Amino acid sequence: QVQLVESGGGLVQAGGSLRLSCAVSGNVFIVEYMGWYRQAPDQRREMVARITTDGTTTYGDNVKGRFTASSNNNGKTMSLEISSLKPEDTGVYLCNARITHRQDRGPGLVSREYWGQGTQVTVSS
């Protein structure tokens, strides 16, 4: 079964850094894209960073210059290095990926969007 496993959240003082990681498990044919989103209380979910299969990396406007995304393990793992954290970076960070994989039963492939459970990032003043 395909799953997304997230790690790296926590409580950090302003100016500190964190490293988030999301790993795809299961029998995967291809990861079409993989990225991180975040959502603060009473705020709309926003894209933080995303990497596509052609290597294109896109960052959200609010994190450019402070967040660095990278992909490893043939696109099955995405890391997000966060530096110079600000209180407004606080929120639930969720891993997102569109994955093509074999069906659990029967022949053929399916392509589905997956979400992780989310990991809390809290930045104190």
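Look up: the structure comes first, before these words.
Residues numbered from 1 in each chain as written. Predicted model: local features only at pLDDT ≥ 70, side-chain atom pairs only at ≥ 80, totals over all residues. Heavy atoms only, no water.

K.L.:
In this structure, what is going on with the overall build of the protein chain? I would like to understand it.
P.N.:
In terms of helices and strands, the protein chain carries zero helices and 11 strands. When its helices and strands are written in sequence order, the protein chain yields β-β-β-β-β-β-β-β-β-β-β. For a compact globule of 125 residues, the expected C-alpha radius of gyration is about 14 Å, and the protein chain comes in at 15 Å, within 12% of that figure. By its C-alpha atoms, the protein chain is 55 × 25 × 25 Å across when sized along the principal axes. Partitioning the contacts of the protein chain with sequence separation of at least 6, the portion at a separation of at least 24 is 55%. Within the structure as shown, the protein chain displays about 7,000 Å² of accessible surface, and the carbon and sulfur contribution to it stands at 43%. Taking the average location of the 13 positive side-chain charges in the protein chain and that of its 11 negative ones, the two points are 5 Å from each other. (Helix = DSSP H or I, 4+ residues; strand = E, 2+ residues; numbered from the N terminus. Rg over C-alpha atoms; globule rule 2.2 N^0.38 Å. Contact = heavy atoms within 4.5 Å. Areas by Shrake-Rupley, 256 points an atom, 1.4 Å probe, with all protein chains shown as cover. Lys, Arg positive; Asp, Glu negative; His and termini not counted. Charge placed at Lys NZ, Arg CZ, Asp CG, Glu CD.)

K.L.:
Just checking my understanding: could you explain the pattern of salt bridges for this structure?
P.N.:
Any two side chains of opposite charge can pair if their charged atoms end up close together. Counted under the stated rule, the structure contains five salt bridges. Of the charged contacts in the structure, one is a salt bridge between Arg38 and Glu46, with a shortest N-O distance of 2.7 Å. The exposure class assigned to Arg38 is buried, which follows from its relative accessible area of 5%. Using a relative accessible area of 26% as the deciding quantity, one classes Glu46 as partly exposed. (Salt bridge = Lys/Arg side-chain N within 4 Å of Asp/Glu carboxyl O. Buried < 20%, exposed > 50% of the residue type's maximum accessible area, 1.4 Å probe, protein only.)

K.L.:
Sorry if this is basic, but what is going on with the environment of Leu18 here?
P.N.:
Relative to the elements of secondary structure, Leu18 occurs in strand 3 (residues 18-25). On the basis of relative accessibility, which here comes to 13%, the residue Leu18 falls in the buried class. Along the primary structure Leu18 and Leu80 are separated by 62 residues, whereas in three dimensions their C-alpha atoms are 8.2 Å apart. Leaving out residues up to four positions away in the same chain, Leu18 has contacts with Gly8, Gly10, Val12, Leu80, Glu81, Ile82, Leu85 and Val121.

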